[in-house]
Amino acid sequence: QLQLVESGGGLVQPGGSRRLSCAASGPTLAYHAIGWFRQAPGNEREGISCINRSDGSTYYSDSVKGRFTLSRDNAKNTFYLQMTSLKPEDTGVYYCAADPDLYCGGDMSPGDFTSWGRGTQVTVSS
């Protein structure tokens, strides 16, 4: 199955920016819907963004829309989450995920994604 590894997490000041990467090995990402989730301690895992393989349509949750941008580089078999205007409430473990059959949108369900990274911590604090 597809293997995913996140990188780019760390400590960021409020209002700052951070770019997360998800490197894939195995089947090409061109055949997968891809997405990002995040989870804070005690909270449910929240789907924040995804992009579909067929039409390229992109979904963003209300909490990040206008601040985060999801993109992919099929030549590098990697996708990214560009995070700007970061807020303390953005703090959490960020997971990348992919699935070859899913058409994503609306509420993102973790169970719909079959490949996962282990997560990378993003902390937004002054």
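About the cut-offs
- Residues numbered from 1 in each chain as written.
- Predicted model: local features only at pLDDT ≥ 70, side-chain atom pairs only at ≥ 80, totals over all residues.
- Heavy atoms only, no water.
- Helix = DSSP H or I, 4+ residues; strand = E, 2+ residues; numbered from the N terminus.
- Rg over C-alpha atoms; globule rule 2.2 N^0.38 Å.
- Buried < 20%, exposed > 50% of the residue type's maximum accessible area, 1.4 Å probe, protein only.
- Contact = heavy atoms within 4.5 Å.
- Areas by Shrake-Rupley, 256 points an atom, 1.4 Å probe, with all protein chains shown as cover.
- Polar contact = N/O pair within 3.5 Å; in protein donor to acceptor, adjacent residues only side chain to side chain.

Caption draft 1: View of the overall build of the protein. Helix and strand counts for the protein stand at zero helices and 11 strands. Its C-alpha atoms give the protein a radius of gyration of 13 Å, near enough to 14 Å, the size a compact globule of 126 residues would have. Its C-alpha atoms give the protein principal-axis dimensions of roughly 40 × 25 × 25 Å. Across the 126 residues that make up the protein, the buried fraction comes to 44%. Considering only intrachain contacts with a sequence separation of at least 6, the fraction spanning at least 24 residues in the protein is 60%. Counting only carbon and sulfur atoms, one obtains 45% of the accessible surface of the protein, whose full area is about 6300 Å².

Caption draft 2: Main features of the environment of Thr 120. Along the polypeptide, Thr 120 turns up in strand S11 (residues 120-124). Taking the relative accessible area as the measure of exposure, Thr 120 reaches 11% and is therefore buried. A C-alpha to C-alpha distance of 14 Å links Thr 120 and Gly 35, two positions 85 residues apart in sequence. Discounting chain neighbours no more than four positions away, the residues touching Thr 120 are Glu 6, Ser 7, Gly 8, Gly 9, Leu 20, Gly 92, Val 93 and Tyr 94. A polar contact of 3.2 Å, which involves the side chain of Thr 120, links it to the backbone nitrogen of Gly 9.

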